[in-house]
Amino acid sequence: MPFKHKAACRHRIGKMKFKVTNWAEYEAGLRRRGSLTLWMTPEALSSWQALKRTTRGGQPRYSDLAIETALTLGLVFGLRLRQTEGLLASVLTLMRLDLAVPDHTTLSRRARAWRLVDRRAGRKIPTKEAVHVLIDSTGLEVYGAGQWLEEKHGAKSRRAWRKLHLALDADNGEIIAHVMTDQDAGDASQVEPLLDQIDGPIGKLTADGAYDGEPTYDTVTNHSADAAVVIPPRSNAINRSDAGIASQRDQHIAAINRDGRMKWQAATGYGKRSLVETAIGRYKSIIGHRLRARSFGAQQTEVAIGCAILNRMLVCARPKSVRCKTATA
């Protein structure tokens, strides 16, 4: 990952080339992503209807599994709720299954309060081995009244958006934690909510300079005492260690002052952080850069299902690429 201060000279640096070593397997997996072959397991058929409620209140007709199935199909194929209702009804008719289809009003209402019960759905992550966690955030647009007025009357308005915080497993590229906040939430403040979703130990955590600060180091240490934290300190950071043992942040500052930032990146493996940026690009290209839901609760549901979809797609097709070495004179 080139240092940003070298951007003026970056056009002289040749672009790295990679070769996919499992192209046949990867190509077959990409075709499976677009397959319309669907099936319903006996467990899903028996769990389609909601369990009988034992407390006061109305009896729900559809289980969380039915709502999740409908919302997942709509998000994968980029459909609105009414079109999702029609797609699911036609699929169940072709499969000759006598199952009731949630209407678009039910999907909208249940999405505001629905939460992903199993946050490991579609993922195979060891719970005992220490993982290398990559953290980053990105913005997702919200289509609201301001955008409608801008399209209709051409008036300029402040664009509203949400912030999606992701935690990625560096070994397999799968999303292991996510948090969605409003646009005013700081990146460092969401480190603890992300780490709370990770049950196993953390061997290493890598993030960009937006997460620099002792609070981030303390949060990671409280989760896993032996975890290594790789975060580039600010350019004006000062080594605050006394005669005692230097902290990890002070060690990074001393190494950058001694060897330079480029050598520090190579020594700490900071370049791995580009994988989480790739995951963000994958989310925006497949799921979309704009949230479809209007309420904040439904938007959280949309993001949770979107992350689960990406993990399932990654299981179907994961490329194994190696860097092509260029011959030097």
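Provided above is the structure to which this section pertains.
Described in the following lines is the structure provided in the data block. Note that the structure is predicted; figures quoted are calculated from it, not measured.

### Regarding the overall build of the protein
- Assigned secondary structure in the protein consists of twelve helices and eight strands.
- A fraction of 63% describes how many contacts in the protein between residues 6 or more apart in sequence connect residues 24 or more apart.
- A total of about 19,800 Å² of accessible surface is found on the protein, and carbon and sulfur atoms cover 53% of it.

### Notes on the pattern of salt bridges
- Within the structure shown, the criterion is met by twelve salt bridges.
- Here Arg318 ties to Glu174 by a salt bridge, and the two come within 2.7 Å at their closest N and O atoms. Residue Arg318 is found in the loop between α12 (296–316) and β8 (321–323), and its partner Glu174 is found in the loop between β3 (161–169) and β4 (175–182); the two are separated by 144 residues along the sequence.
- Look at Glu174 and you get buried, because its relative accessible area is 3%.

### So, the pairing of β4
- With six of eight residues buried, β4 lies mostly within the body of the structure.
- Bridge count between β3 and β4: seven bridges; the pairing is antiparallel. Across the sheet, Leu164 pairs through a bridge with Met180, a residue of β4.
- Taken together, β3 and the strand that follows it, β4, pair antiparallel across an intervening segment of five residues, in which Gly173 is found at a positive phi of about 75°.

### Focus on the environment of His132
- Relative to the helices and strands, His132 is located in strand β2 (residues 131–142).
- Relative accessible area serves as the criterion here: at 12%, His132 is assigned to the buried category.
- Between the C-alpha atoms of His132 and Asp171, which are 39 residues apart in sequence, the distance is 7.0 Å.
- Among residues more than four places away in sequence, those in contact with His132 are Leu168, Asp169, Ala170, Lys204, Leu205, Thr206 and Lys272.

### Points about a nonpolar patch on the surface
- A contiguous nonpolar surface patch, about 280 Å² in accessible area, is contributed by Leu36, Val76 and Phe77.
- When you line up the elements, Phe77 lands in the loop between α3 (64–76) and α4 (81–94).
- Assessed through its relative accessible area of 39%, Phe77 is described here as partly exposed.

### Remarks on the nonpolar core
- Ranked by internal contacts, the top residues of the largest apolar core, which has 37 residues, are Trp48, Tyr283 and Val303.
- In terms of residues, this core owes the most to one element, α12, which gives seven residues.
- One finds Val131, Val191, Tyr217 and Ile231 within the second-largest nonpolar core, a separate group that totals 20 residues.

### Some points on the pairing of β2
- Most of β2 is tucked away: ten of the twelve residues are buried.
- Alignment of β2 against strand β5 (residues 202–206), held across four bridges, turns out to be parallel. Paired with Val133 across the two strands is Leu205, which belongs to β5.

### Some details on the packing of helix α9 (residues 248–259) against helix α10 (residues 261–268)
- For the pair α9 and α10, the least separation of the axes is 7 Å and the interaxial angle reads 125°. By the criterion of interaxial angle, the relationship of α9 to α10 is oblique. On the side of α9, the interface is formed by His252, Ala255, Ile256 and Asp259, while α10 contributes Arg261, Lys263, Trp264 and Thr268.
- Residues belonging to the contact of α9 with α10 are distributed by class as follows: three nonpolar, two polar and three charged.

### Concerning unusual backbone geometry
- In this model, Arg96 sits at a positive phi of 60°, which is unusual for a non-glycine residue.
- When its relative accessible area of 78% is taken as the criterion, Arg96 is described as exposed.

### Looking at the packing of helix α11 (residues 274–286) against α12
- Look at α11 against α12: their axes get within 11 Å of each other, and the N-to-C directions meet at 105°. Considering the angle they form, α11 stands roughly perpendicular to α12. In this structure, α11 uses Arg282, Tyr283 and Ile286 to contact α12, whose residues at the interface are Glu302, Val303, Gly306, Cys307, Leu310, Met313 and Leu314.

Reading the values: rules and limits
- Residues numbered from 1 in each chain as written.
- Predicted model: local features only at pLDDT ≥ 70, side-chain atom pairs only at ≥ 80, totals over all residues.
- Heavy atoms only, no water.
- Helix = DSSP H or I, 4+ residues; strand = E, 2+ residues; numbered from the N terminus.
- Contact = heavy atoms within 4.5 Å.
- Areas by Shrake-Rupley, 256 points an atom, 1.4 Å probe, with all protein chains shown as cover.
- Salt bridge = Lys/Arg side-chain N within 4 Å of Asp/Glu carboxyl O.
- Buried < 20%, exposed > 50% of the residue type's maximum accessible area, 1.4 Å probe, protein only.
- Pairing = 2+ DSSP bridges.
- Patch = residues over 30% accessible without salt bridge, like charges linked within 9 Å, V, L, I, M, F, W, Y side chains within 5 Å.
- Core = buried A, V, L, I, M, F, W, Y, C linked by side-chain atoms within 4.5 Å.
- Axes fitted to C-alpha atoms, helices over the stretch in contact; angles between N-to-C directions.
- Parallel < 35°, antiparallel > 145°, perpendicular 65-115°, else oblique.
- Nonpolar A, V, L, I, M, F, W, Y, C, P; charged D, E, K, R; others polar.

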